[in-house]
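An overview of the molecular structure
Residue-level listing of the chains:
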Amino acid sequence: EIVFQLVPNVNKLQEKLEKLCNLCGADEVVLFEKETFLVISDAISRKHQDVHRFEKISNIIKHYKLTCGKTQARFKSMEVKNSKFTAFVDLFTTNTYIMVIMSNPRIQSAAIQQNVKFAQPHFEQIIKSKV
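Since the model is a prediction, treat every value here as computed from it, not as a measurement.

1. Some details on the overall build of the protein chain
On a plain count of helices and strands, the protein chain comes out with four helices and five strands. If you list the helices and strands of the protein chain from N to C, you get α-α-β-β-α-β-β-β-α. The globule rule puts the C-alpha radius of gyration for 131 residues at 14 Å, and the 14 Å found for the protein chain is close to it. Expressed along its principal axes, the backbone C-alpha trace of the protein chain runs to roughly 40 × 35 × 30 Å. When the 131 residues of the protein chain are sorted by exposure, 40% land in the buried category. In the protein chain, of all internal contacts separated by at least 6 residues, the share reaching a separation of at least 24 is 52%. Working note: accessible area of the protein chain is about 8400 Å², and carbon and sulfur atoms make up 54% of it. Between the centroid of the 19 positive side chains of the protein chain and the centroid of its 13 negative side chains there is a distance of 5 Å.

2. Notes on the side chain of glutamate 28
Within the secondary structure layout, glutamate 28 lies in strand E1 (residues 28-33). Engagement of the side chain of glutamate 28 in a polar contact is seen with the side chain of arginine 53, the distance being 2.9 Å. In this structure glutamate 28 touches Cys21, Asp42, Ala43, Ile44, His48, Arg53, Phe54, Met99, Val100 and Ile101, once residues within four positions along its chain are discounted.

3. Some points on the packing of aromatic side chains
The full count for this structure, using the stated rule, is three aromatic pairs. Note on phenylalanine 32 and phenylalanine 37: the rings are 5.1 Å apart at their centroids and 40 degrees apart in plane angle, and the pair reads as tilted. Here the two residues phenylalanine 32 and phenylalanine 37 agree in accessibility, since each one is buried.

4. With respect to the nonpolar core
Among the nonpolar cores identified, the biggest contains 22 residues, and Leu31, Ile98 and Val100 are the most heavily contacted of them. Contributions of two or more residues to this core are made by helix H2 (10-24), E1, strand E2 (39-44), strand E4 (86-93), strand E5 (96-102) and helix H4 (109-128). Counting residues in each nonpolar core, the second largest holds 13 residues, with Phe54, Ile57, Ala87 and Val89 among its members.

5. Topic: the sheet that holds strand E3 (residues 77-81)
In space, the five strands of this open sheet follow the order E2-E1-E5-E4-E3, with antiparallel pairing throughout. With one partner strand each, in any of the chains shown, E2 and E3 form the two edges of the open sheet. For this sheet the average axis-to-axis angle between neighbouring strands, irrespective of direction, equals 15 degrees. Relative to E5, E4 runs antiparallel, the two being bridged by seven bridges. Across the sheet, the residue bridging to valine 89 is methionine 99, located in E5. Relative to the sheet, H2 contacts E1, E2 and E5, its axis offset from that of E2 by approximately 40 degrees. Against the sheet, H4 engages E1, E3, E4 and E5, with an angle of about 30 degrees to E4.

Procedures and definitions
- Residues numbered from 1 in each chain as written.
- Predicted model: local features only at pLDDT ≥ 70, side-chain atom pairs only at ≥ 80, totals over all residues.
- Heavy atoms only, no water.
- Helix = DSSP H or I, 4+ residues; strand = E, 2+ residues; numbered from the N terminus.
- Rg over C-alpha atoms; globule rule 2.2 N^0.38 Å.
- Buried < 20%, exposed > 50% of the residue type's maximum accessible area, 1.4 Å probe, protein only.
- Contact = heavy atoms within 4.5 Å.
- Areas by Shrake-Rupley, 256 points an atom, 1.4 Å probe, with all protein chains shown as cover.
- Lys, Arg positive; Asp, Glu negative; His and termini not counted.
- Charge placed at Lys NZ, Arg CZ, Asp CG, Glu CD.
- Polar contact = N/O pair within 3.5 Å; in protein donor to acceptor, adjacent residues only side chain to side chain.
- Phe/Tyr/Trp six-rings, centres within 6.5 Å; stacked < 30°, edge-to-face > 60°.
- Core = buried A, V, L, I, M, F, W, Y, C linked by side-chain atoms within 4.5 Å.
- Pairing = 2+ DSSP bridges.
- Axes fitted to C-alpha atoms, helices over the stretch in contact; angles between N-to-C directions.

Take a look at the structure:
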């Protein structure tokens with residue numbers, strides 16, 4: 001409910017996230033509010049069993065940001081990779097971070113990051129618009 005008040009066009013945002021998710025071949029794309037790391041919207045092409053994963057991810061990143069702040073470093077992005085998936089979180093628009101998760105090892109995270117970079121101005125415009 002809070003998200004709908006802050007981002008009145010969240011349905012359009014959702015639609016575009018789904019397109020980005022499909023274009024990138026990602027398992028999941030999630031948009032977080034920059035300061036609170038609350039989920040604004042997400043697109044899922046592959047179901048996950050953990051229904052609390054967004055809350056967990058949000059808490060991990062918030063703690064990491066706090067740790068960065070203590071060392072006077074600024075959090076901008078991070079990438080986590082193992083044998084099962086690659087995930088990256090990056091500053092996306094003025095007020096959001098984006099997280100992309102992919103399990104296909106043939107997809108290079110640099111290619112996904114380039115697609116995200118190209119999509120950024122379009123999403124910035126959607127978030128700033130009131131319709």
